[in-house]
Amino acid sequence: MLLVAVLWLVFELLTEQPASFVSALVILALTIVAFVFVGAVAVGAMRRQSWIRGAGIGWQLMQIAVAAGCFQGIYANPAAGWALLAPSLVVIALLLAPGIRNQLTASGGDAEALA
């Protein structure tokens, strides 16, 4: 989804006149950084590296913060808030579950890096 967001922002930047060009570039840059971060976590998860637990929980906490914003304010959208909040809570519970924690021990991908 972040790749789609990056492509959409590039398309919009090329076809529309932004109110603030600098702000549009900053939002694009932040979206690219988020895409690279989530991609690195996904690759780390496929390699069963233990560091992804902290990164994954951090990302889910950011999504929970956005979800909290969806429940309040002038542009409140509770449906979007629940769509962000529910999966984030499930992912945090899974990342803290003993079975997942055991799969992401140093015997996964980190053992080769430590050797």
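Check the entry above for the structure.
Quantities reported herein were computed from a predicted structural model and do not represent experimental measurements. Every chain begins its residue count from 1, and numbering advances along the sequence as written. Local features in this predicted model are restricted to residues of pLDDT 70 or higher, and side-chain atom pairs are both shown and tallied only at a pLDDT of 80 or more, whereas totals for entire chains, interfaces and linings draw on every residue. The side-chain figures draw on all heavy atoms in the structure; neither hydrogens nor water molecules are used.

Draft legend 1. Broad picture of the packing of aromatic side chains. Pairing of aromatic rings covers Phe, Tyr and Trp, the last counted by its six-membered ring, and requires centre-to-centre distances within 6.5 Å; plane angles under 30 degrees mean stacked, over 60 mean edge-to-face, and any other angle means tilted. Taken as a whole, this structure holds three aromatic pairs when the rule is applied. Taken together, a centroid distance of 5.7 Å and an interplanar angle of 40° make the contact between Trp8 and Phe11 tilted. Highlighted residues: Trp8 and Phe11, both in helix α1 (residues 2-15), separated by three residues, approximately one helical turn. Centroid distance Phe71 to Trp82: 5.2 Å. Interplanar angle 70°. Geometry classified as edge-to-face. On the criterion of sequence distance, the pair formed by Phe71 in the loop between α3 (52-70) and α4 (78-96) and Trp82 in helix α4 is long-range, its members being 11 residues apart. Numbering of helices and strands runs from the N terminus; a helix is a DSSP stretch of H or I covering at least four residues, while a strand is a stretch of E covering at least two.

Draft legend 2. Summary view of the environment of Gly44. Looking at where Gly44 falls in the secondary structure, it is placed in helix α2 (residues 21-46). Expressed as a C-alpha distance, the spacing of Gly44 and Leu104, which sit 60 residues apart in the sequence, is 9.8 Å. Beyond its immediate sequence surroundings of up to four residues, Gly44 is in contact with Gln49, Trp51 and Ile52. Contacts are assigned to residue pairs with any non-hydrogen atoms lying within 4.5 Å of each other.

Draft legend 3. A nonpolar patch on the surface, seen in detail. For patches, a residue must show more than 30% relative accessible area and have no salt bridge; joins then use 9 Å for like charges and 5 Å for nonpolar side chains, namely Val, Leu, Ile, Met, Phe, Trp and Tyr. Surface accessibility in these figures is a Shrake-Rupley result with a 1.4 Å probe; residues are shielded only by whichever protein chains are displayed. Here a salt bridge means any side-chain nitrogen of Lys or Arg lying within 4 Å of a carboxyl oxygen belonging to Asp or Glu. Where nonpolar side chains cluster on the molecular surface, the patch consists of Leu3, Leu7, Ile32, Phe35 and Val36 and spans about 440 Å² of accessible area. Elements supplying a minimum of two residues to the nonpolar patch: α1 and α2. Here the nonpolar patch gets three residues from one element, more than from any other, and that element is α2. Along the chain, Val36 falls in helix α2. Note on Val36: relative accessible area 52%, which makes it exposed. Partly exposed residues are those whose accessible area sits between 20% and 50% of the maximum for their type, while under 20% is buried and over 50% is exposed, using a 1.4 Å probe and protein chains only.

Draft legend 4. Focus on the layout of surface pockets. Of the two site types, the cavity is a set of points on a 1 Å grid over the protein atoms alone where a 1.4 Å probe fits but cannot get out, and the pocket is an open set with protein on both sides within 12 Å along at least five of seven lines, each lined by residues with an atom within 4 Å of a point. Grid points are joined across faces, edges and corners, and a volume is the space filled by probe spheres set on the points. Estimates place the volume of the largest pocket at around 220 Å³. Forming the boundary of the largest pocket are 13 residues, of which Val38, Val41, Trp59, Gln60 and Gln63 lie nearest the centre. For the lining of the largest pocket, the secondary-structure elements that each account for two or more residues are α2 and α3.

Draft legend 5. Summary view of unusual backbone geometry. Look at Arg48: it is not a glycine, yet its phi comes out positive at around 55°. Summarising the element assignment, Arg48 is placed in the loop between α2 and α3. Exposure remark for Arg48: the relative accessible area of 45% places this residue in the partly exposed category.

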